[in-house]
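Residue-level structure breakdown
This is what each chain is made of:
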Amino acid sequence: MSDLQLLDREPSAEAKSILDMDRAVFRDSFERRHFTLGHALAGSELFQLPRLIELARDTAETRPTDLYFDAGDIEIGQRWASSPKSSFPIDETIRRIETARAWIILRQAERASAYGKLLEACMAEIFAAAGPGIEKRISKREVIIFITSPRRITTYHIDRQCNFILQVHGDKQINVFDRNDRDVLPERELEQFWTVDNNAAIYKPQLQDRADVITLRPGLGVHLPVNAPHWLQNGDDISITVSINFQFLDQERASLYRANFFLRKLGIDPVPPWVSPARDAWKRPFGDLAYRIRQVTRGRTPGA
Ligand SMILES: [Fe+2]
């Protein structure tokens, strides 16, 4: 079914549904723990390679900061800054995707209207499942499209977004860890992530057996809460994956981890967030202020 057919079908609640989520699982697990879901995007014209080459070329020309791609061998725990660069421009990299060992990210795809419609349709379903009040709590909705060469790894990391990852083409294994497991994801890594280093989460091979390994196939997706550690291994085919994601307006997680980052800098071993409401009450403004001062003194826009 084409994207337009998918998005413009007659208004029957069932026919319009893109995400297929168990309501009870959603209520129990949304933004707490990962869970799988079905979706109707496999086969959509929006995610055929010629269409994606067009989108990638347009992104490169008009919004180059929304395009990332690299190509080459990479380790699970490798930092993004040391990723191998592609020797070809983006459209050529996509054409050579079978052999390029590439990882391509098209951010803010919703700036193109067809993907914008898709985002709004998915968000409406997420709002309906989450119940009243959720819409006011979120910001920065986004569609990200990942195009990945056969066997390519996506390195271990955590995200600041709440994610619905939808597999559209090819099979891919996602390894997801519990964000509350402090052996896997220590407080210090969270403090550094929210304050100074997007790559702060460090892969620990000795804890690999704690991962839930899910094979994503076209039509299957997974919800990842904010900060759930994960890495991916693509199968033998090209993979096309769509992420419907958003950030929460309330910055509590960021504020508390930033406060603890600066307290630790002062030689204090801080109490983790959400253990002491009284401490959290003063840490929120303290974390925000200290972070803002750090950004300003380093010549960055506060909140960036
Ligand atoms: Fe991610």
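In this text, all values refer to a predicted model and were calculated from it rather than measured experimentally. (Residues numbered from 1 in each chain as written. Predicted model: local features only at pLDDT ≥ 70, side-chain atom pairs only at ≥ 80, totals over all residues.)

Once that is clear, we can look at the overall build of the protein. A tally of regular secondary structure across the protein gives 9 helices and 12 strands. Each of the three principal axes of the protein carries a C-alpha extent, and together these read 55 × 45 × 40 Å. Counting only contacts in the protein whose residues sit at least 6 apart along the sequence, the fraction spanning at least 24 positions is 81%. (Helix = DSSP H or I, 4+ residues; strand = E, 2+ residues; numbered from the N terminus. Contact = placed C-beta atoms within 7 Å.)

For the protein, the assigned domains read domain 1 (3-248) and domain 2 (252-297). The centre of domain 1, based on its C-alpha atoms, is set 29 Å off from the matching centre of domain 2. In the side of domain 1 that touches domain 2, the residues fall into 3 nonpolar, 2 polar and 2 charged. (Domains from an automatic or database assignment. Nonpolar A, V, L, I, M, F, W, Y, C, P; charged D, E, K, R; others polar.)

Quick look at the sheet that holds strand 7 (residues 162-169) now. If you trace the 8 strands from one edge of the open sheet to the other, you get 1-2-10-7-12-5-4-3, paired in antiparallel fashion. The outermost strands of the open sheet, each flanked by one partner alone, are strand 1 (19-20) and strand 3 (67-71). Strand direction decides the pairing type here: strand 5 (residues 138-148) and strand 12 (residues 239-248), joined by 9 bridges, are antiparallel. Counted as the bridge partner of Ile145 is Val242 from strand 12. Running at roughly 70° to strand 4 (residues 102-106), helix 3 (residues 49-62) makes contact with strand 3, strand 4 and strand 5 of the sheet. Those strands touched by helix 6 (residues 113-130) are strand 1, strand 5, strand 7 and strand 12, and its axis lies near 120° from that of strand 5. (Pairing = 2+ DSSP bridges. Axes fitted to C-alpha atoms, helices over the stretch in contact; angles between N-to-C directions.)

Between helix 7 (residues 187-195) and helix 8 (residues 252-265), the shortest axis-to-axis distance is 8 Å and the interhelical angle comes to 110°. Considering the angle they form, helix 7 stands roughly perpendicular to helix 8. In this structure, helix 7 contributes Glu187, Leu190, Glu191, Gln192, Trp194 and Thr195 to the contact, and helix 8 contributes Ala254, Tyr257, Arg258, Asn260, Phe261 and Arg264. (Parallel < 35°, antiparallel > 145°, perpendicular 65-115°, else oblique.)

Residue pairs three or four apart in sequence face the same way in an α-helix, which turns once every 3.6 residues. With 14 residues, helix 8 extends 20 Å between its outermost C-alpha atoms, agreeing within 8% with the 20 Å of an ideal straight helix rising 1.5 Å per residue. For helix 8, every residue scored as buried is listed here: Ala254, Ser255, Leu256, Tyr257, Arg258, Ala259, Asn260, Phe261 and Phe262. Among the structural elements, helix 7 and helix 9 (277-297) are those in contact with the buried residues of helix 8. (Expected span 1.5 Å × (residues − 1). Buried ≥ 20, exposed ≤ 12 C-beta atoms within 10 Å, placed from the backbone.)

Residues other than glycine seldom take positive phi values, yet Lys140 does so here, at roughly 50°. The topology assignment puts Lys140 in strand 5. The exposure class of Lys140 is exposed, given the 12 C-beta atoms found within 10 Å. Not every positive phi belongs to a glycine, and Arg151 is a case in point at roughly 70°. Tracing the backbone shows Arg151 in the loop between strand 5 and strand 6 (153-157).

Right, let's get into the environment of Ala40. When you line up the elements, Ala40 lands in the loop between strand 2 (35-39) and helix 3. Along the chain, Ala40 and Asn245 lie 205 residues apart, while their C-alpha atoms are 17 Å from each other.

Reading across the sheet, the 4 strands line up as 6-11-8-9 and stay open at both edges, with antiparallel pairing between neighbours. If you trace the sheet from one side to the other, it starts and ends with strand 6 and strand 9 (212-216), each paired once. Between one strand axis and the next, the sheet turns through 15° on average, direction left out of account. One ladder, built from 5 bridges, connects strand 8 (residues 172-176) with strand 11 (residues 230-234); its direction is antiparallel.

This part covers the nonpolar core. Soluble globular proteins: nonpolar side chains tend toward being buried together. By size, the foremost hydrophobic cluster in this structure holds 62 residues, and its most contacted members are Ala56, Ile104, Leu106, Val143, Ile145, Ile147 and Val242. With 6 residues, the top contributor of residues to this core is helix 8. Two domains each provide a minimum of three residues to this core, namely domain 1 (3-248) and domain 2 (252-297). Not counting residues up to four positions away in its chain, the partners in contact with Val242 are Leu41, Phe47, Val143, Ile145, Leu166 and Val168. (Core = buried A, V, L, I, M, F, W, Y, C linked by C-beta atoms within 7 Å.)

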